Amino acid sequence: MTRRHVIIGAGHAGAAAAQELAKAAKSGALEAEIILVDADAGLPYERPSLSKEWLTADTFPESAPHDWAAGGIAFHGGRAAERIEAGSREVVLEGGDRLGYDRLLLCPGGMPRQLAVPGGEACHVLRTAADSRLLHAALRKGGHLAVIGAGVIGLETASSARKLGLEVTVIEAGERVMARSLPPEISALLQSRHEAAGVKFLFGAGITGVTTRADGRQVVALKDGSVLAADLLVAGIGFDADTALAAAAGLEIDRGIVVDGDGRTSVPGIYAAGDATVFPGPSGARQSWQTWQHARRHGAHVARRMAGLPSDYAPVHWFWTDQQGINLQVLGDPLGAGDSVLRGDPEGAQTRLYLEEGRIIGAVMIDQGRDTRPVTALIESGAVLEKGLLQDPSVQLRSLNARKAVHA
Ligand SMILES: Cc1cc2nc3c(=O)[nH]c(=O)nc-3n(C[C@H](O)[C@H](O)[C@H](O)COP(=O)(O)OP(=O)(O)OC[C@H]3O[C@@H](n4cnc5c(N)ncnc54)[C@H](O)[C@@H]3O)c2cc1C
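Residues numbered from 1 in each chain as written. Predicted model: local features only at pLDDT ≥ 70, side-chain atom pairs only at ≥ 80, totals over all residues. Heavy atoms only, no water.

1. A short note on the overall build of the protein
Right, so step 1: Helix and strand counts for the protein come out as 10 helices and 25 strands.
Right, so step 2: Over its C-alpha atoms the protein spans a radius of gyration of 23 Å, differing by no more than 12% from the 22 Å that the globule rule assigns to 408 residues.
Right, so step 3: Along the longest, intermediate and shortest principal axes, the C-alpha atoms of the protein span 70 × 60 × 35 Å.
Right, so step 4: Burial statistics for the protein: of 408 residues in total, 51% are counted as buried. (Helix = DSSP H or I, 4+ residues; strand = E, 2+ residues; numbered from the N terminus. Rg over C-alpha atoms; globule rule 2.2 N^0.38 Å. Buried < 20%, exposed > 50% of the residue type's maximum accessible area, 1.4 Å probe, protein only.)

2. Regarding the sheet that holds strand β19 (residues 277-280)
Right, so step 1: Spatial strand order, β17-β19-β20: 3 strands in an open sheet with mixed pairing. Only two strands of the sheet have a single partner each, and these edge strands are β17 (257-258) and β20 (286-287).
Right, so step 2: In this sheet, β19 lies alongside β17 in parallel orientation, the contact comprising 2 bridges. Residue valine 258 lies in a different strand from β19, and its bridge partner there is valine 278. (Pairing = 2+ DSSP bridges.)

3. Digging into the nonpolar core
Right, so step 1: By size, the foremost hydrophobic cluster in this structure holds 62 residues, and its most contacted members are Ile7, Leu105, Leu145 and Val168.
Right, so step 2: Looking at this core element by element, the count peaks at 7 residues for helix α1 (residues 12-27).
Right, so step 3: Discounting residues that sit within four places of it in the chain, leucine 145 has contacts with Leu139, Thr157, Ala161, Leu166, Glu167, Val168, Thr169, Leu232, Leu233 and Val234.
Right, so step 4: Counting residues in hydrophobic clusters, the runner-up holds 24 residues, among them Val37, Ala81, Ile84 and Leu251. (Core = buried A, V, L, I, M, F, W, Y, C linked by side-chain atoms within 4.5 Å. Contact = heavy atoms within 4.5 Å.)

4. Brief notes about the pairing of strand β24 (residues 350-356)
Put simply, side chains in a regular strand alternate between the two faces of the sheet.
Right, so step 1: Of all the 7 residues making up β24, 6 are buried; the element is thus mostly covered by neighbouring parts of the structure.
Right, so step 2: When strand β23 (residues 339-344) meets β24, the two strands line up antiparallel, connected through 6 bridges. Its bridge partner being in β24, leucine 342 is matched across the sheet by arginine 352.
Right, so step 3: As paired elements, β24 and strand β25 (residues 359-366) share 7 bridges and run antiparallel to each other. Within β25, the residue paired with glutamine 350 across the bridge is isoleucine 366.

Next comes the structure, spelled out in structure tokens:
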């Protein structure tokens, strides 16, 4: 019997889910009608490009049209889902059309946090191609950019703006860059790269308000009484999962849509995947990850489980960022470790392994992407490793995987 699978959100999780279902249908493993709905008509595009190469491109890129139908997917672009009626298994779209479903997958991602001070709405945010297009145009006017927040989005924007020749100041409430995901030594290195490229930082700086002057310049008022005048403001101060639709339908919410290991929500027939979810992480505790790889893999995994197909998902957390000409990749939990080993140049290309009781639990690679695979395998293996071997530059990390556990 053909079952209708409706997916709301065609971002990285939703698109991967739709493709996985289409693959299963093509192979004969599933009889399914696959419907993908997104409020954004311009998808698909790679969201990570929005703060990187799309901002610095001479002409703002147009996303290439995609032939969803050829892949067996019915795409409803530019249609927001307004309501879920779980009792009758229907989704109500903007304009009133109803879509019945046998299984529903929610992949709505989330929204960038707005600066919650008077005048804060003057800040650009970055989530969609439309946001990036607006910022692309604004950056071309040059001048002084103030970035609020020294996280990934803020720092990538700072990097792109320096490439375009703008003066850049980053205002950060904390004491170092990317403090939630990087150990202090990597924050320091990254900050020094930004400073070498001309970015200025204000740390420990709270904002009390933003005013727009008659000449169009914006003035940011800081808690210490000082002010900063800028031509353009960007806020990269965090993300909130989009839980509105799910909450209104009675699904359990805990900062995100709560799902089990198969992506099941608390309401039968409804699943969720990607940035919007809170799922059982590697330790079993509820976890929420906002990364490209997780969104894609989680989407594909949940799609398979939703279709009753076998699938396991035991991920090692991974993300990358590109800033000031360096590629930084982060694996696992480098902040939770008691010990570390440096392989490479302390000021440049390097892999830092973070250890707990002889086991690698996290790593940071700077311009050393080739180490990502072997280090992921070492984290997954849980092997206790001899520190001397890890420190020895002549020992290839992949050879340690081949030897399996090397006991201290
Ligand atoms: C600027 C930027 C740079 C990034 N850079 C990196 C990076 O370098 N490395 C990395 O690992 N990750 C990066 N990420 C994070 C990564 O892009 C996200 O983790 C990923 O996009 C999450 O996928 P998702 O499908 O869960 O959500 P999204 O990709 O956000 O997709 C959600 C979709 O749901 C749609 N939607 C929401 N509500 C409705 C509704 N009611 N009806 C219909 N449609 C709806 C939205 O329009 C959206 O298209 C970046 C993100 C941004 C914004």
